[in-house]
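Coordinate analysis (summary)
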Amino acid sequence: MPIGQVIGACIAQGTKDIDSTWSYRIPIIFNLFFVAILVGAQFIIPESPRWLIQKNRDEKALAALKRVNKGQDDDIRDKVIALEYNSFRQARQDELELSGEGGWGTLFRGVELRKFVCVLGILIGQQIGGVQFIFSYTVTFMTAVGLKDAFIITIIVDVIEVVGVLCSFLIVNRFGRRPLILWTSVPMFIALFVVFIVTLLVVVIGIFLLLFGRVFFALLLFALFGCFLVARLFF
């Protein structure tokens, strides 16, 4: 959930007018506050049972499962612990049996190559649209183009992101991931294609004017001077 971005944008909005180093120190302190909570929680929360089983520490894995499932009825709790423990053990056993066929080379052969390309392509497709630029540099970009209230715009963008994430929980379950990826890629492709065409035209025109601008300017002056001479001679 991108709620942290909304909180950070609101804090930045409140500290941007402070005329001292505390303008950036306060947001950093708030970040360190949550980091301290996460670090302190490492000494309280149980270790991952799956990781403990991978390290052949089954007794500690069972103890961690008991802590994770604490609060349930004893009958249900024991069944859940046994089910999860057996599934972790089976997954570990399967991993060991297939370890001889593993390795980085398998990513580039057969079905694994197709999986790798699909996963990597989706990740690249999500980032190539410039989403991180919008979320990370909104204030810088809005300020550079001369818009006011850049921090307010950042808060609005982050709130829209939160709403979009919340809506995705319901939409994904209803329509599925594959149709959503395919159909949402269409407007993104159109938008990027329009940006590409406009940028290409601007670059081409800029290069054309840079290379031939002086020549055309000289020809234009020559034509105007010729017209002036003709007018003086015959009129």
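Residues numbered from 1 in each chain as written. Predicted model: local features only at pLDDT ≥ 70, side-chain atom pairs only at ≥ 80, totals over all residues. Heavy atoms only, no water.

Looking at the layout of surface pockets
Worth spelling out the cut-off: Put simply, the grid is 1 Å and covers the protein atoms alone, a cavity is a trapped set of points that fit a 1.4 Å probe, a pocket is an open set with protein on both sides within 12 Å along at least five of seven lines, and lining residues have an atom within 4 Å of a point. Grid points are joined across faces, edges and corners, and a volume is the space filled by probe spheres set on the points. Numbering goes from the N terminus for both helices and strands, where a helix is a DSSP run of H or I of at least four residues and a strand is a run of E of at least two. Gly falls in the polar group here, along with every residue not listed as nonpolar (Ala, Val, Leu, Ile, Met, Phe, Trp, Tyr, Cys, Pro) or charged (Asp, Glu, Lys, Arg).
Of the volumes computed, that of the largest pocket is approximately 1100 Å³. Lining the largest pocket we find 23 residues, and of these Gln126, Val131, Gly164, Ser168 and Thr184 sit closest to its centre. Elements with a contribution of two residues or more to the lining of the largest pocket: helix 6 (110-128), helix 7 (131-136), helix 9 (150-175) and helix 10 (177-234). The residue makeup of the lining of the largest pocket, split by class, is 13 nonpolar, 8 polar and 2 charged.

Structural notes on the environment of Trp22
Rules: The buried label applies to any residue whose accessible area, calculated with a 1.4 Å probe on protein chains only, is under 20% of its type's maximum; exposed applies above 50%, and partly exposed to all values in between.
As for its position among the elements, Trp22 is in helix 2 (residues 22-41). Judged by its relative accessible area of 46%, Trp22 falls in the partly exposed class.

Quick look at the pattern of salt bridges
Where we set the bar: When a carboxyl oxygen of Asp or Glu is within 4 Å of a side-chain nitrogen of Lys or Arg, the pair counts as a salt bridge.
Tallying each qualifying case throughout the model produces 3 salt bridges. Its salt-bridge partner being Asp58, residue Arg89 comes within 3.3 Å of it at the nearest N-O pair. Of this pair, Arg89 sits in helix 5 (residues 74-97) while Asp58 sits in helix 4 (residues 58-68), and the two are 31 residues apart along the sequence. The exposure class assigned to Asp58 is partly exposed, which follows from its relative accessible area of 21%. Here Glu112 makes a salt bridge to Lys115, at a shortest N to O gap of 3.6 Å. Taken together, the residues span about one helical turn, with Glu112 and Lys115 both in helix 6 at a distance of 3 residues. For Glu112, a relative accessible area of 34% puts it in the partly exposed group.

Thoughts on the confidence of the model for the protein
Filter applied, for reference: pLDDT runs from 0 to 100 and stands for how confident the predictor is about each residue.
Overall, the predicted model of the protein reaches an average pLDDT of 79, with 85% of residues at or above 70. Taken element by element, the predicted model of the protein shows its lowest mean pLDDT in helix 10 (74) and its highest in helix 2 (87).

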